[in-house]
Amino acid sequence: MCIRDSKIGAEGAKAISEGLKLNKALIALYMIINKIGDEGAKAIGESLKNNLALTLLQLSDNEIGNTGAEAICEALITNTTITVSYTHLTLPTICSV
């Protein structure tokens, strides 16, 4: 699914995260240029912890800072089936801290 340049913000990301908690079919989610920020990233991160269906998540250009990235990293510790892609944030650097 591609949600590009829709500027859904943190509230939209929170709604999507609720759906991801129940997801058993969606394998790729492109959320690019949506201004989800740290709050939206934290919600997405929480939903990823137990979502084994999703294998690719693209979060470029969403105004996500270190706090949001850390939440995504926490999810990746328990969920190793997913690849998360950022353009303006280097997850390996933050996740290894």
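Our structure's up above, just so we're on the same page.
This write-up is about the structure you can find in this document.

Scoring rules and cut-offs
- Residues numbered from 1 in each chain as written.
- Predicted model: local features only at pLDDT ≥ 70, side-chain atom pairs only at ≥ 80, totals over all residues.
- Heavy atoms only, no water.
- Buried < 20%, exposed > 50% of the residue type's maximum accessible area, 1.4 Å probe, protein only.
- Helix = DSSP H or I, 4+ residues; strand = E, 2+ residues; numbered from the N terminus.
- Pairing = 2+ DSSP bridges.
- Right-handed = clockwise from strand over helix to strand, strands pointing away.
- Core = buried A, V, L, I, M, F, W, Y, C linked by side-chain atoms within 4.5 Å.
- Expected span 1.5 Å × (residues − 1).
- Contact = heavy atoms within 4.5 Å.

Our next topic: the pairing of strand E2 (residues 28-32). Counting buried positions along E2 yields four of five residues, so the element is predominantly enclosed. Judged from the three bridges that link them, strand E1 (residues 2-4) and E2 form a sheet pairing that is parallel. Looking across to E2, one finds that Ile3 is bridged to Met31. Strand direction decides the pairing type here: E2 and strand E3 (residues 56-58), joined by three bridges, are parallel. Along E3, the bridge assignment pairs Leu29 with Leu57. Taken together, E2, helix H2 (residues 37-48) and E3 constitute a β-α-β crossover, and its handedness is right-handed.

This part covers the nonpolar core. Grouped together as the largest cluster of nonpolar side chains are 18 residues, with contacts concentrated most on Leu29, Met31, Ile44, Leu48, Leu57 and Leu59. Those elements that provide at least two residues to this core are helix H1 (9-22), E2, H2 and helix H3 (66-78).

It is worth spelling out unusual backbone geometry at this point. With a phi angle near 55°, Ile33 is a residue other than glycine that sits in the positive phi range. Within the secondary structure layout, Ile33 lies in the loop between E2 and H2. Positive phi, close to 55°, is recorded for Lys35, a residue that is not glycine. Turning to its location among the elements, Lys35 is positioned in the loop between E2 and H2. Residue classification places Lys35 among the partly exposed residues on the basis of a relative accessible area of 43%.

Moving on: H3. The end-to-end C-alpha distance of H3, which contains 13 residues, comes to 19 Å, matching closely the 18 Å that a straight helix rising 1.5 Å per residue would cover. Gly68, Ala69, Ala71, Ile72, Cys73 and Ala75 are the residues of H3 that are buried.

So, about the environment of Leu76. Note on placement: Leu76 falls in helix H3. For Leu76, a relative accessible area of 22% puts it in the partly exposed group. Separated by 31 residues in sequence, Leu76 and Gly45 have C-alpha atoms that sit 8.3 Å apart.

Here we take up the environment of Ile27. Locating Ile27 in the fold gives a position in the loop between H1 and E2. Classification of Ile27 by relative accessible area gives exposed; the value is 53%. Spatially, the C-alpha atoms of Ile27 and Leu54 are 4.0 Å apart, while their sequence positions differ by 27 residues. If near-sequence neighbours (up to four positions away) are discounted, Ile27 is found in contact with Ala53, Leu54, Thr55 and Leu56.

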